[in-house]
Amino acid sequence: MDDLEQAIVISFETGAVDSALKSQAVTYCQQIKETTSICSICIEKLWFSKLVQVQFWCLQTLQDVLRVRYGSMSVDEQSYVRKSVFSMACLEVIGNENAVRVVEGPPFVKNKLAQVLVTLIYFEYPLIWSSVFVDFMRHLSKGAVVIDMFCRVLNALDDELISLDYPRTSEEISVAARVKDAMRQQCVPQIARAWYDIVSLYRNSDPDLSSTVLDCMRRFVSWIDIGLVANDAFVPLLFELILSDGLSEQVRGAAAGCILAMVSKRMDPQSKLPLLQTLQISRVFGLISGDVDSELVSKVSALLTGYAVEVLECHKRLNSEDTKAVSMDLLNEVLPSVFYVMRNCEVDSTFSIVQFLLGYVSTLKGLPALKEKQLLHITQILEVIRIQICYDPMYRNNLNLLDKIGLEEEDRMSELRKDLFVLLRTVGRVAPEVTQHFIRNSLANAVESSSESNVEEVEAALSLLYSFGESMTEEAMKTGSGCLSELIPMLLTTQFPGHSHRLVSLVYLENITRYMKFIQENSQYIPNVLGAFLDERGLHHQNVHVSRRAGYLFMRVVKLLKSKLVPFIDNILQNLQDTLSQLTTMNFASRELSGTEDGSHIFEAIGIIIGLEDVPAEKQSDYLSLLLTPLCQQIEAGLVQAKAASSEDFPVKIANIQFAIVAINALSKGFSERLVTASRPGIGLMFKQTLDVLLRVLIEFPKVEPLRSKVTSFIHRMVDTLGSAVFPYLPKALEQLLADSEPKEMVGFLVLLNQLICKFNSALRDILEEVYPVVADRIFKVIPSDGLPSRPGAVTEELRELIELQRMLYTFLHVIATHDLSSVFLTPKSRPYLDPMMQLLLNTSCNHKDITVRKACVQIFIKLIKDWCAKPYSEEKVPGFQNFVIEAFATNCCLYSVLDKSFDFSDANTHALFGEIITAQKVMYEKFGNAFLMHIMSKSFPSAQIPQDLAEQYCQKLQGNDIRGLKSYYQSLIENLRLQQNGSHVFR
């Protein structure tokens, strides 16, 4: 080995080689690569070096040099490279018996040689090197080595240039078109003939070569003249190969690939249909019943599905009765085999089962009645869906435990099922009776197998029923149309095998919930429904995922049945006794699930049932006491334990208290205000006592946010449930919630105040007069009077909380103003905050990016003007307020902000804001009279360069009664001013 060869070998080493030595070798190779004589060096090595690393490096280097420097190479150098590389590929003798035959090397070297030839073809064919393909074919008689090389060149041409399976540049697309056009004119017929001759000659003696040639041909079918391959010579040969038992599967599969390429070739449907007819595809139907893992079955399956897709496409695109009949006949012929493939074989990745079947079903939609064969196909489609949605038994335990593997498989199947269920519902609309009968039979078959090994079949049958219900109308569900009146009772009265498995139990309960409309109309099945939820199939299921989901679904069922469940209350509570006891005593650390399925739904369900007026008063009181007492005890005990708990145990104790509050809150949802305050005040007293207990939580742990938010949520609930009876508890509750509250907590506090104001209006005045100054003091310390940026660049968590607080403040001020409570702003304690509030409202009404917030601020101003300003010339209720409104609000908000080009009249929200601004101007005129007119005529309008005559017209409109006319005129005035000033007005 010389230095270069040694360097190349070292650079390719992957084992224990000195990194410095390898780096030195790579550097040396790079230096050689950059010499002017590199092409000669590479070709010399290719002729005489037997080292495959050297051969590969030289070919790679040649390819790189050609790509980068071809245009700057001399004609002689180009010719030298071309002749040398071509000679190597065609086994031409160079007169030296020591010459190495590169084409007899390993596949990766031969493939790289083919790529070098394709790079030359890219630059030189057909203008410089027009005879490359014709010259190459003259050497094919040398045998398998050259034929193999020729196929590698054609395959590389497809990979590197022609195939659109890879992204191409516009230059590559242009070159590919040039190459294909030249080949079509010059040599494609000869190449096709060569394919035929080689396959005929080598089919038995060299199956590997034959399959290589067929695979090469398959690639070219898409762009050559179809007549060169779809003819009386090739088609019989290909089918003969496919059907020859004695041949290798590789050759037979490759032949099937060629037929598929012909079938899939883009053609006019008028030409495609006769081609599909002549193939007599039924000849290969029998081949798919072999070993599903064999290459032949896989290739023939792909052929049949591809053929079916093309026939269906012809049927869609052809309009004549004759062609439609022919295409439907071909489709009917191939469909049974396609269904077999879908059920039993690995389907080709390019074939979408759902899209094909949806396409087929859509052809049946317009038919007046389905024929027997079509009904059979519908049944087979349903069977395909059923098989496709079945889980693999190998994942059974993973799916039951819902470990990482089970979760991944469930997600995968969930995604797969989306389209399959769309297909199911489409089939259900075309043939509803067939679909219902199929589902019924699937359920019946699943039930017949008493073995637990049938879990996947049962789950699939129940999933079909569940999905089918999605497309049913409410009326059809109520009346039990079709065989639904048989299916639902069957669902409710049958003990399905596999009920211990998570998947079966979940879909079973989901089905009952989905078909509740039927059960509402057929109340004789209510005991069956309760049984399903209350026994080991539901809330008492051994799998916690099922029992918690059952709690949520049971709550939904109860909401639908309500009073119909009153006769069953004792039975329900008796069956839930152990569950409730567990939930009220269990340590929170042992709860496996949280969030929407944390067990609180059971309490909500019970609350809905026992909160009905149909329940006798005494019993109702007993039921509620039975539930509230242990929950309150849990809270009281939890408070004691939490105070004494270590830092490790503290979160667990807090979480237990938190759950008890959530449960009480959920329980209370079933009780109406009328029941607890008017008809049964004793119930109201129990909730008041509970509220007392919960307020102790705020006293003991005012800074524990999860507890604070849960107690706040309960106060919200009690406002709706107890009504005005909650008043005595509000001062204490609000005081505790307000103590040391952070901005994030203040948001929740304001939400509660808004609810109280909306519920009690002016009755809340005394409480609000005490609370508002404290709220204002806290907020105006953290929010400047000119507001926070509404669309900041980098938003920190702290700033996000302040922005949310500011937004809630606007809502709070709006609620106070619009509920006749604006006098709250004027109390001696509130007066210090009047000016910052006004400045904030003014700035926001002019500048805020959120138009709806600006509108709310304008509405606050309108209400304050109405409340605080009497008729013109009377004594001011709020000294200075009138001047502020006229000089600041009327000028800045009602004029300058509207003149700004960002005020977009075409936007619906902005148009609504403009309407409020017009209303504000009208109210200011009514309250301030000439004082308002004098200011805008003498100061506001002149500063905005509004002509005197236009200003006078505005005043006339303002003094009239046509508010729509005023709005239209003012908009026109503003738009004309903008045009006149060309957007140069500076916003003030």
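Described in the following lines is the structure provided in the data block. (Residues numbered from 1 in each chain as written. Predicted model: local features only at pLDDT ≥ 70, side-chain atom pairs only at ≥ 80, totals over all residues. Heavy atoms only, no water.)

Let's shift gears to the overall build of the protein chain. Helix and strand counts for the protein chain stand at 46 helices and zero strands. In summary, the protein chain has a C-alpha radius of gyration of 42 Å against a globular reference of 30 Å for 988 residues, an excess of more than 25%. Seen through its principal axes, the protein chain has C-alpha atoms that stretch 120 × 80 × 75 Å. Sequence-distant contacts in the protein chain: of pairs separated by 6 or more residues, those separated by 24 or more amount to 73%. Surface summary for the protein chain: the accessible area is close to 43,500 Å², and the carbon and sulfur share equals 50%. Here the protein chain holds 95 positive side-chain charges and 115 negative ones, and the gap between their average locations is 5 Å. (Helix = DSSP H or I, 4+ residues; strand = E, 2+ residues; numbered from the N terminus. Rg over C-alpha atoms; globule rule 2.2 N^0.38 Å. Contact = heavy atoms within 4.5 Å. Areas by Shrake-Rupley, 256 points an atom, 1.4 Å probe, with all protein chains shown as cover. Lys, Arg positive; Asp, Glu negative; His and termini not counted. Charge placed at Lys NZ, Arg CZ, Asp CG, Glu CD.)

In this section: the side chain of Q380. Here Q380 is to be found in helix α18 (residues 372-388). Note on Q380: relative accessible area 17%, which makes it buried. Contacts of Q380, omitting those with residues within four sequence positions, involve F339 and R343. (Buried < 20%, exposed > 50% of the residue type's maximum accessible area, 1.4 Å probe, protein only.)

On to unusual backbone geometry, then. Between Y125 and the following residue, P126, the backbone shows a cis peptide bond with an omega angle of 0 degrees. Not every positive phi belongs to a glycine, and L91 is a case in point at roughly 60 degrees. Tracing the sequence through the fold places L91 in the loop between α5 (75-90) and α6 (107-124). Since its relative accessible area comes to 16%, L91 is described here as buried.

Core analysis: the biggest nonpolar cluster contains 358 residues, and M183 and W195 have the highest contact counts within it. Examining the composition of this core, we find that 13 residues originate from one element, helix α42 (residues 881-899), more than from any other. (Core = buried A, V, L, I, M, F, W, Y, C linked by side-chain atoms within 4.5 Å.)

This part takes up the environment of S211. Relative to the elements of secondary structure, S211 occurs in helix α11 (residues 207-220). S211 has contacts with Q250, V251 and A254, leaving out every residue within four places of it along the chain. Here the side chain of S211 touches D208 through a polar contact of 2.9 Å, landing on its backbone oxygen. Within the structure, the side chain of S211 is placed 3.4 Å from the side chain of Q250, a separation counted as a polar contact. (Polar contact = N/O pair within 3.5 Å; in protein donor to acceptor, adjacent residues only side chain to side chain.)

A few words now on the packing of helix α15 (residues 295-317) against helix α17 (residues 353-365). Between α15 and α17, the least distance of the axes is 10 Å, while the angle of their chain directions is 35 degrees. In the packing of α15 onto α17, the handedness of the crossing is left-handed. Contact residues: A308, V309, L312, H315 and K316 in α15; F356, G359, Y360 and T363 in α17. Residue composition of the contact of α15 with α17, grouped by class: five nonpolar, three polar and one charged. (Axes fitted to C-alpha atoms, helices over the stretch in contact; angles between N-to-C directions. Left-handed = near helix turned anticlockwise from the far one by under 90°. Nonpolar A, V, L, I, M, F, W, Y, C, P; charged D, E, K, R; others polar.)

A separate point is the pattern of salt bridges. Across all of its chains, the model carries 47 salt bridges by this definition. For D2, the salt bridge identified is with K45, shortest N-O distance 2.2 Å. Of the two residues, D2 sits in the segment before α1 (3-12) while K45 sits in helix α3 (residues 38-48), which places them 43 residues apart along the sequence. Relative accessible area serves as the criterion here: at 32%, D2 is assigned to the partly exposed category. The closest approach of N and O atoms between E410 and R502, which form a salt bridge, is 3.0 Å. Of this pair, E410 sits in helix α20 (residues 404-430) while R502 is found in helix α25 (residues 502-514), placing the two residues 92 residues apart along the sequence. A network of salt bridges, in which partner residues are shared, links D158, D159, D215, R218 and R219. (Salt bridge = Lys/Arg side-chain N within 4 Å of Asp/Glu carboxyl O.)

So, on to the environment of A931. Here A931 shows up in helix α44 (residues 930-943). The exposure class assigned to A931 is partly exposed, which follows from its relative accessible area of 35%. Taking C-alpha positions, A931 is 69 Å from L565, a pair spaced 366 residues apart along the chain. When sequence neighbours within four positions are dropped, the list of residues in contact with A931 reads Q882 and I886.

Bringing a negative patch on the surface into the picture now. A cluster of acidic residues, E249, D291, D293 and E346, forms a negative patch on the protein surface. Position of E346 among the secondary structure elements: in the loop between α16 (321-344) and α17. (Patch = residues over 30% accessible without salt bridge, like charges linked within 9 Å, V, L, I, M, F, W, Y side chains within 5 Å.)

Time to look at helix α34 (residues 681-700). With 20 residues, α34 should reach 28 Å at 1.5 Å per residue; the first-to-last C-alpha distance of 29 Å fits that figure. Residues of α34 that are buried: I683, G684, M686, F687, T690, L691, V693, L694, L695, V697 and L698. Buried residues in α34 make contact with α31 (617-644), α32 (650-668), α33 (673-679), α35 (705-722) and α36 (730-738). (Expected span 1.5 Å × (residues − 1).)

Time to look at the side chain of S897. Mapped onto the elements of the fold, S897 is located in helix α42. Engagement of the side chain of S897 in a polar contact is seen with the backbone oxygen of C893, the distance being 2.4 Å.

One pass over the full model with this rule turns up 30 aromatic pairs. When the ring of F650 is compared with that of F701, the centres are 5.7 Å apart and the planes differ by 65 degrees; the resulting orientation is edge-to-face. Highlighted residues: F650 in helix α32 and F701 in the loop between α34 and α35, separated in sequence by 51 residues. Ring pairs connect the aromatic residues F903, F905, F914, F941, Y954 and Y970, which therefore count as one cluster. Here the basic side chain of R283 rests over the ring of F239, its NZ or CZ set 3.8 Å away from the ring centre. (Phe/Tyr/Trp six-rings, centres within 6.5 Å; stacked < 30°, edge-to-face > 60°. Lys NZ or Arg CZ within 6 Å of the ring centre and 35° of its normal.)

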